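Topology and contacts: notes
Residues per chain are reported as follows:
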Amino acid sequence: TACDYKAGQKLLENDNYEKYENFFRQMFEIARRHKIMNPEKMRTEYGKLIYLLQDAVSPTVQSHLAISVIGPIESVYKFLEERDGLALLDDRLIEVATEEILAGKKSRAKINGEIKRKEKAVAAIKQRYRNPQLSQEDIHLCLYSICDNNSFLNSNRVPIDKIITYLKKHFNPDESEDGYSLSIVSGTDGARLSHSHERQFYFALQSLTLWRDIVDDMFRLWAMAEADLLSETVTYSLQDTGQGKQRVQQCPRTYKAMQTILGRVQGKVNKWVGSSVIHMGDHNVPNALSFIDKYTQVPRILGPIVICLENLEKLCEEDDGINDMVTDGYGGIEKLRKDILHDFFKSAFDGSGADNFYDAGSCIDGRLTSAWNWCSQLASKPYYPIFKLTGFLGFDGEWKN
């Protein structure tokens, strides 16, 4: 209809979509894959697309369409498997050929050396694994698609790693500095949990570790989420969850994958603090789309904090007035940095943020709810002007250069 109105009109009149089945599958698959590879894109459009596809696979609509508009997501593995090229993935040069080269504090000569090493590895793999079904251009596409995954991890997992490093560097679980205890008491300052300094330290550390492992496994979780959302056997029901009408749907695949991740994280730590309940398919997290949406926000929460903390020295070096303000008003850079971290590790992991005690607390979902609650209160914090001076605009992926 968008490209050829008459053809669209004729299609509706004839009510026969079989001719266009592959077309619809391909168009929807491209859009779904684009979103998975670029979580910051299609922020509202993707949700509408999934809801449309949910209805398309429902028994009532399916009998009318008589076609399936859902196809498997194209992946590097699937692409290579169809072209007898899976051996490529086991090549010893694959890591070098798909690494993301980050500038950091490296010299230009070192960066150029890494680029040449990567180009050499890519050329060797392309030459080694090409065959009548798999061209060098196809191999190049696959290698850079894998590299996209590494880019995703660098941009989304690194903020979590840095926050964990800040926690371990500035706070000791065995003893607390004067004025920097992480202990919280239920009913005080909005907290819904009561933790000692040590317990709160490990609660924050375990929550961050869990988020890191989820982000690490995000592409697999997204595949599981789509399989649940677009299931032809487990359909949704429209329910009032207290946040308006929502599509409530059980998510067996996503839930199982989350249990595996949670078990892995619990195995890494000495003891687990708080609840292990995973909300999914209920009024807290109605469906797998809500789940995925929640955890793609983690870098948006932690990224701005890391950027602010990392730019404090630069900010003070470039402006004497700001340096005087930080020194006189906040006690210096190090004290300001620790004050921000102290407030975050206390208030962003205190079980707050939901309408009632049972929906917040220490459950897996509630930990992220508390962090969002801290974000909503940032404007009232004494250090908010520092965030603004370092370029902060909001926790929505925006940052002023």
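Reading the values: rules and limits
- Along each chain, residues carry numbers from 1 onward, in the same order as the chain's sequence is written.
- In keeping with the model being predicted, local features are shown solely for residues with a pLDDT of at least 70 and side-chain atom pairs are shown and tallied solely at 80 or more, while totals for entire chains, interfaces and linings include all residues.
- Neither water nor hydrogens contribute to the side-chain values; these are computed over all heavy atoms in the structure.
- Think of it this way: any DSSP run of H or I at least four residues long counts as a helix, any run of E at least two long counts as a strand, and we number them from the N terminus.
- Here the term buried applies to any residue with accessible area under 20% of the maximum for its type, exposed to any over 50%, and partly exposed to those in between, with areas from a 1.4 Å probe on protein chains only.
- Under the convention used here, a 1.4 Å probe and the Shrake-Rupley method define accessible areas, while residue burial counts only the protein chains that appear.
- pLDDT runs from 0 to 100 and stands for how confident the predictor is about each residue.
- Two distance rules govern patches: like charges are joined within 9 Å, and nonpolar side chains (Val, Leu, Ile, Met, Phe, Trp, Tyr) within 5 Å, applied only to residues with over 30% relative accessible area and no salt bridge.
- Salt bridges are counted wherever a side-chain nitrogen of Lys or Arg sits within 4 Å of a carboxyl oxygen of Asp or Glu.
- Note: two strands are recorded as paired if DSSP finds a minimum of 2 bridges between them.
- A helix is expected to reach a length of 1.5 Å times the quantity of its residues less one.
- This arc is built from the directions going out from the helix axis to the C-beta atoms.
- In what follows, a contact means two residues having at least one pair of non-hydrogen atoms within 4.5 Å.
- To define axes, lines are fitted to C-alpha atoms, for helices over the stretch in contact only, and angles between the resulting N-to-C directions are given on a 0 to 180 degree scale.
- Take the far helix as the reference: if the near one is turned anticlockwise from it by less than a right angle, the crossing is left-handed, and if turned clockwise, right-handed.
- In this count, Pro and Cys sit with the nonpolar residues alongside Ala, Val, Leu, Ile, Met, Phe, Trp and Tyr, while Asp, Glu, Lys and Arg are called charged and the others, Gly among them, polar.
- Points on a 1 Å grid over protein atoms alone make up a cavity when a 1.4 Å probe fits among them but cannot get out, and a pocket when they form an open set with protein on both sides within 12 Å along at least five of seven lines; lining residues each have an atom within 4 Å of a point.
- Grid points are joined across faces, edges and corners, and a volume is the space filled by probe spheres set on the points.

**So, the overall build of the protein chain**
What the protein chain contains, in helices and strands, is 19 helices and 2 strands. If one aligns the C-alpha atoms of the protein chain with their principal axes, the spans along those axes are about 75 × 60 × 45 Å. Within the protein chain, the fraction of its 401 residues that count as buried is 45%. Within the structure as shown, the protein chain displays about 20900 Å² of accessible surface, and the carbon and sulfur contribution to it stands at 50%.

**Remarks on the confidence of the model for the protein chain**
Across the protein chain, the average pLDDT comes to 90, with 96% of residues at 70 or higher. The spread of mean pLDDT over the elements of the protein chain runs between helix α1 (residues 5-14), the lowest at 84, and helix α17 (residues 333-347), the highest at 96.

**Points about a nonpolar patch on the surface**
On the surface, Phe 23, Met 27 and Ile 30 cluster together to form a nonpolar patch covering roughly 260 Å² of accessible area. By secondary structure assignment, the location of Phe 23 is in helix α2 (residues 21-37). Assessed through its relative accessible area of 44%, Phe 23 is described here as partly exposed.

**Some words on the pairing of strand β2 (residues 245-248)**
Judged from the 4 bridges that link them, strand β1 (residues 237-240) and β2 form a sheet pairing that is antiparallel. Bridging across to β2, Asp 240 finds its partner in Lys 245. Between β1 and β2, which pair antiparallel and follow one another directly, the connecting turn spans 4 residues, one of which, Gly 242, has a positive phi of 95°.

**Some points on helix α11 (residues 218-229)**
Its 12 residues place the ends of α11 16 Å apart at the C-alpha level, agreeing with the 16 Å of an ideal helix rising 1.5 Å per residue. Listed as buried for α11 are Met 218, Leu 221, Trp 222, Ala 225, Glu 226, Asp 228 and Leu 229. Taken end-on, α11 shows its buried residues confined to a sector of 160°, consistent with a single buried face. Summarising the contacts, the buried residues of α11 are in contact with α2, α3 (45-56), α8 (136-156), α10 (197-216), α12 (252-268) and α13 (288-295).

**Let's talk about unusual backbone geometry**
In this structure, Ala 66 takes a positive phi of about 65° despite not being glycine. Relative to the assigned elements, Ala 66 resides in the loop between α4 (59-65) and α5 (76-81).

**As for the pattern of salt bridges**
For the structure shown, the criterion picks out 25 salt bridges. The residue Arg 247 makes a salt bridge to Asp 55 at a minimum N-O spacing of 3.2 Å. Residue Arg 247 is found in strand β2, and its partner Asp 55 is found in helix α3; the two are separated by 192 residues along the sequence. Owing to a relative accessible area of 13%, Arg 247 belongs among the buried residues under this scheme. Classification of Asp 55 by relative accessible area gives partly exposed; the value is 26%. Through salt bridges with shared partners, a single network forms among Glu 74, Lys 78, Glu 82 and Arg 83.

**Brief notes about the packing of α2 against α11**
Any two packed helices are characterised by the angle at which their axes cross and by the distance between the axes. Between α2 and α11, the least distance of the axes is 10 Å, while the angle of their chain directions is 145°. In this structure, the crossing between α2 and α11 has a hand that is right-handed. Residues Arg 32, Lys 35, Ile 36 and Met 37 of α2 pack against Phe 219, Trp 222 and Glu 226 of α11. Among the residues forming the contact of α2 with α11, the class breakdown is 4 nonpolar, no polar and 3 charged.

**With respect to the layout of surface pockets**
Taken as a whole, the largest pocket encloses approximately 930 Å³ of empty space. If you trace the largest pocket, you find 30 residues lining it, with Met 37, Glu 74, Ser 75, Val 76 and Ser 145 closest to the centre. Those elements that place two or more of their residues in the lining of the largest pocket are α2, α5, α8 and α11. When its residues are assigned to classes, the lining of the largest pocket shows 19 nonpolar, 6 polar and 5 charged.

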